[in-house]
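# Structural description and commentary
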Amino acid sequence: MSILTKFEQIAEKMFTGAFKKSPQPLQPVEIAKLLVREMQGHKRVSVSAVYVPNVYKVYLSPSDWAGIGSFALAFSAELSKYLLQQGQQGGYTFLSQPLVELAAGEQKDGSVEVVCEFDEGLVALPTPELGDSEQKERESTLIFADKNFARALMNRESGYILEVVEGPDSGKRFPLGTVSIFIGRQAECDVVLEDTKISRRHVTLAPHDAGFYLDDLGSTNGTFVNGRRVGRTKIGSGDRIAIGNTVLELRVV
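Predicted, not measured: the structure shown is a model, and the values here were computed from it.

Cut-offs used in this document
- Residues numbered from 1 in each chain as written.
- Predicted model: local features only at pLDDT ≥ 70, side-chain atom pairs only at ≥ 80, totals over all residues.
- Heavy atoms only, no water.
- Pairing = 2+ DSSP bridges.
- Helix = DSSP H or I, 4+ residues; strand = E, 2+ residues; numbered from the N terminus.
- Phe/Tyr/Trp six-rings, centres within 6.5 Å; stacked < 30°, edge-to-face > 60°.
- Buried < 20%, exposed > 50% of the residue type's maximum accessible area, 1.4 Å probe, protein only.
- Contact = heavy atoms within 4.5 Å.
- pLDDT = per-residue confidence, 0-100.
- Expected span 1.5 Å × (residues − 1).

## What to know about the sheet that holds strand β11 (residues 211-216)
In space, the five strands of this open sheet follow the order β9-β8-β10-β11-β14, with mixed pairing throughout. Across the chains shown, the open sheet's two edge strands, defined by having one partner strand only, are β9 (191-192) and β14 (232-235). The sheet contact formed by strand β8 (residues 181-184) and β9 spans two bridges and is parallel. Residue I183 lies in a different strand from β9, and its bridge partner there is V191.

## As for the packing of aromatic side chains
For the structure on display, the rule yields one aromatic pair. The interplanar angle of 85 degrees and the centroid separation of 5.3 Å between the aromatic rings of Y160 and F212 together place this pair among those described as edge-to-face. Pair noted here: Y160 is in strand β6 (residues 157-166) and F212 is in strand β11, with a separation of 52 residues, a long-range link. Relative accessible area serves as the criterion here: at 14%, Y160 is assigned to the buried category. On the basis of relative accessible area, F212 is assigned to the buried category, the value being 2%.

## Section: the environment of V225
Of note, V225 is situated in strand β12 (residues 223-225). Since its relative accessible area comes to 7%, V225 is described here as buried. C-alpha separation for the pair V225 and E249, spaced 24 residues apart in sequence, amounts to 9.6 Å. Residues contacting V225, with those up to four places away along its chain left out, are L214, V230, T233, I235, D239 and R240.

## Side note on the confidence of the model for the protein chain
When the pLDDT values of the protein chain are averaged, the result is 78; 73% of them are 70 or greater. The secondary structure element of the protein chain with the lowest average pLDDT is helix α6 (residues 132-144), at 40, and the one with the highest is strand β15 (residues 240-243), at 97. Of the regions scoring below 50 in pLDDT, residues 133-148 engages in 19 contacts with residues more than four places distant in sequence or in other chains.

## With respect to helix α3 (residues 28-41)
The first and last C-alpha atoms of α3 sit 20 Å apart over 14 residues, in line with the 20 Å expected at 1.5 Å per residue. Burial in α3 covers these residues: P28, V29, I31, A32, L34, L35, V36 and M39.

## Here's the deal with unusual backbone geometry
A positive phi angle, close to 55 degrees, is found at N226, a residue other than glycine. On the basis of relative accessible area, N226 is assigned to the partly exposed category, the value being 49%.

Spelled out as structure tokens, the structure:
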């Protein structure tokens, strides 16, 4: 079974239903193919190796993003594995395990934009100096440990923070990364607040070039941005989000 066929089966099982909600369905396998083309198109040839980017930012239309936002991290991990395998088969060298970041953009439904870069700050891949069995075990840990992938992805800061300016958590500051986050009372949320009038999963924020897309997740008491009740809206630096008795301000640091 080819790598692409295996990826397609995984994507079909986990994500295709969400993509089909769009008027012009976007196929996950097309994103995978586009990433490989971008990888090959941005290679750099040195004396001893051919280097390819290790960070890939994938921008989807608002409606496509709405369909997969809650699956974005899992899908990013699968795309990362696929890209690493394709790169290794092609004889390319990554500075680290490739990271694929999904975000809402301003594309038309069914369209995708990929921006790739070389980031020397990420942990490098191990060099293959081990015995066959030991190397396979190490690669398995590296490539398929999604929790390690997630940690590296979340640690890539976006230059933004959320500061609680009113409410029980007043004064707390939450640095934002380059992947979507959940805000609410539930312990599993990325930003956990103590306000009892906030829903367990109240809103989600998805990064965008000039800020974030905010989505209310059907909360009981609603979400307000700068005094206006919203369901989905784009926010930027200085905007204030009111949920329950809490007010958070998005700031650039």
